[in-house]
Amino acid sequence: MRELAPYLKLYKKHWFSLSLGMFLAFATLVTSIGLLTLSGWFLSAAAVAGLTIARETFNYMLPGGGVRGFAMARTAGRWGERVVSHDATFKLLADLRIFFFKKLTPLIPGRLSKLRDADLLNRLVADVDAMDHVYLRLVSPIIVGIFGIASLTVFIAWFDLTIGLTLGAILLTLLLLWPIIFYKLGKYNGEMLTQNKAKLRIATLDWVQGHSELVLFGAEPKYRKAISTHQSSLIQNQFKNAHYTGLASALLLLANGWSLVLIIWMAADGVNGQPPGPMVAMMAFATMASFELLMPIAGAFQYLGQTLESARRLNEVLSATPDVVFAESGTEASQSYDIQLSNVNYRYHDSNNDALKSVSVNLNAGQKLAIVGQTGSGKSTLLQLLTRQFDVTSGELLLGGSSIKQWTEKGLRQSISVVSQRVDILNGTLKDNLQLAKPDASDEEMKHILEEVGLSHLNESIGLDAWLGDGGRQLSGGEKRRIGIARAVLHNAPIMLLDEPTEGLDKQTESQIMQLLNKHTIDKTVVFVTHRLVGLEKMDMICLMEQGEIVEQGNHNELLAQNGLYHRLHQRL
Ligand code: ADP
Ligand code: MG
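Values in this document were obtained by computation on a predicted structure and should not be read as measured data.

On to the sheet that holds strand E3 (residues 368–373). Spatially, 6 strands are ordered E6-E9-E10-E3-E11-E12 in an open sheet, and the strand pairing comes out mixed. What marks the edges here is a single partner per strand, and that holds for strand E6 (416–419) and strand E12 (549–554). The mean inter-strand angle of the sheet, taken between neighbouring strand axes irrespective of direction, is 15 degrees. Bridging between E3 and strand E11 (residues 541–546) involves 5 bridges; their strand directions are parallel. Opposite Leu-369, over in E11, you have Met-541 as the bridge partner. This element, helix H19 (residues 565–572), spans E11 and E12 of the sheet and lies at about 95 degrees to E11.

As structure tokens, then:
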């Protein structure tokens, strides 16, 4: 149950509507039991009165009015209760989603990037949704149930102490017993249901995302079969769930019947020592109606296992500590944007080797550094350290004279523009995709940049309003990369990081892009990552990397003069 603590805390903010919801549920319960109890008494009392002399004096109006009143109040109460408690629950879920999302964002990219997208989605949607059971199915019915039993016991005991206490004891026992029995019965199945739901989603998303690939390689039936398997398990779980719900209600009805027999037997000789009369009917109807307060609890507790499992899955994310925590207040900007790395080591947490080994580089503001090396030599890792995707394992990384850890996230993001190796195109218009780098960019500015990066054809027809991404215009690898460059140019920060911006482009485009980048980075500090030894003559410094180490360092001419690896690579061109 401890799993639920973080969610119960969120209740504080909505305590008023949550309590009002429970109050209305209680009021509805009272009117509903009252209606049946009063009707029972009224019908028999009226019948008895009709047979006797009392028919002249019997007051038909008042109880009749009472029955009407209860009936109307019950309808209004139920309506009010549904509106208030569902409204509160939805607000609660909205809060919970935001709360969860806030905790989630700093965890990416980090250890959690290991979690599958589909799994995260499932946590964010289905597991959060499962939390609405906590109030609607567990907390509210239990509290309302306890108050209901107490009031009913007092009411009946006022007429007959023994009957009141007996009925109260039966109801209380059932209220305690049902949750325990059905929690235990449904626990395993509920946990499995939550897990199978997640598995089904993951399998389905795999199938959808990789569909064309799967078809091409003839692997589609196998993946489709995986979906069917998970689906059958889920249906199996749901079947059991329905089975338990039925069992809980049936057993409760049975208990209701036997209690009715018992109470009628106790009341048959007359209530509270009186001769038998309409009160007997009242007791019988009260007993029948009293089970209404147990009904919501009957099937609810088999869902507890499911809810707890969802809570556990959410807590896994909530309790994870982010790999990188940005300073709340600290460096926002700097006079001069130089970059210093001294003895930087970095190891991915699931790896046995250092991806970077004692890397030391000093780059003055406005200088251009090229990092050259084969695939896998650690170039992208180095850039990711500069944008603080993760922190150095050991060593020191200074940006503009202060440790990167002293920078605020906003300050750091405003100081660095990046063209990453893999440019993501978001689902949205071309304009959205550019404005994420500069929200106040004007249409003219964006069109101009598109021309510059050689995407003038995107300016044609609907231009910036063209939809990109899912269900929109698909872009080629080269076009995506140019969008990435356009974003970086728009962002216009004093430091520019480029991760193989010309990879996969033809020679002519490559030289166009290089010219463009040179033009836009004249006064910027630049780190340019490449595995091609092209256009490096203009660089102030070149670092040649191999397996995480800088093996040669200097400018183009110095490195050629060294007659080492750089020289050899250059000759091979
Ligand atoms: P480059 O950009 O030079 O091609 P990377 O910096 O991407 O190389 O990778 C350097 C090394 O770190 C490689 O051996 C790669 O397998 C490893 N690596 C990269 N990303 C991760 C990661 N997220 N987890 C574990 N190892 C990684
Ligand atoms: Mg790379």
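Further remarks concern the side chain of Asn-196. Structurally, Asn-196 is set in helix H6 (residues 161–209). In contact with Asn-196, not counting residues within four places along its chain, are Ser-233, Leu-234 and Asn-237.

Ser-380 (OG) and Gln-421 (OE1) make up the full set of protein donors to the magnesium ion (ligand 2), lying at 2.0 to 2.4 Å. Placement of Ser-380 in helix H12 (residues 379–386) and of Gln-421 in the loop between E6 and strand E7 (428–429) is noted, with a sequence separation of 41 residues between them. Under the relative-accessibility criterion, Gln-421 is labelled partly exposed at 29%.

Okay, the sheet that holds strand E4 (residues 394–399) next. Ordered in space as E2-E1-E4-E5, the 4 strands form an open sheet in which the pairing is antiparallel. Looking at strand neighbours, the two that pair on one side only are strand E2 (356–363) and strand E5 (402–403), the edges of this open sheet.

Moving on, we get to helix H15 (residues 443–452). Each α-helix turn comprises 3.6 residues. Residues three or four places apart therefore point the same way. Among the residues of H15, those classed as buried are Met-446, Ile-449 and Leu-450. Angular distribution of buried residues about the axis of H15 spans 105 degrees; they occupy a single face of the element. On its buried face, H15 sits against helix H14 (430–435) and helix H16 (477–491). Positioned one or two residues after H15, Gly-454 has a phi angle of 80 degrees, which is positive.

Turning our eyes to something else, we now look at the packing of helix H8 (residues 220–267) against helix H9 (residues 278–290). Contact geometry of H8 with H9 gives a least axis separation of 9 Å together with a crossing angle of 160 degrees. As judged from the angle between their axes, H8 and H9 are roughly antiparallel. Crossing geometry of H8 relative to H9 is assigned as right-handed. Residues Asn-256, Ser-259, Leu-260, Ile-263, Ile-264 and Ala-267 of H8 touch H9, and the partners they reach there are Val-280, Met-283, Ala-284, Thr-287 and Met-288. In terms of residue class, the contact of H8 with H9 is made up of 8 nonpolar, 3 polar and no charged.

Conventions and cut-offs
Residues numbered from 1 in each chain as written. Chains lettered and ligands numbered in written order. Predicted model: local features only at pLDDT ≥ 70, side-chain atom pairs only at ≥ 80, totals over all residues. Heavy atoms only, no water. Pairing = 2+ DSSP bridges. Helix = DSSP H or I, 4+ residues; strand = E, 2+ residues; numbered from the N terminus. Axes fitted to C-alpha atoms, helices over the stretch in contact; angles between N-to-C directions. Contact = heavy atoms within 4.5 Å. Donors = N, O, S within 2.8 Å, 3.2 Å for Na, K, Ca; no water. Buried < 20%, exposed > 50% of the residue type's maximum accessible area, 1.4 Å probe, protein only. Arc of directions from axis to C-beta. Parallel < 35°, antiparallel > 145°, perpendicular 65-115°, else oblique. Left-handed = near helix turned anticlockwise from the far one by under 90°. Nonpolar A, V, L, I, M, F, W, Y, C, P; charged D, E, K, R; others polar.

Any functional reading would require information beyond the geometric quantities listed.
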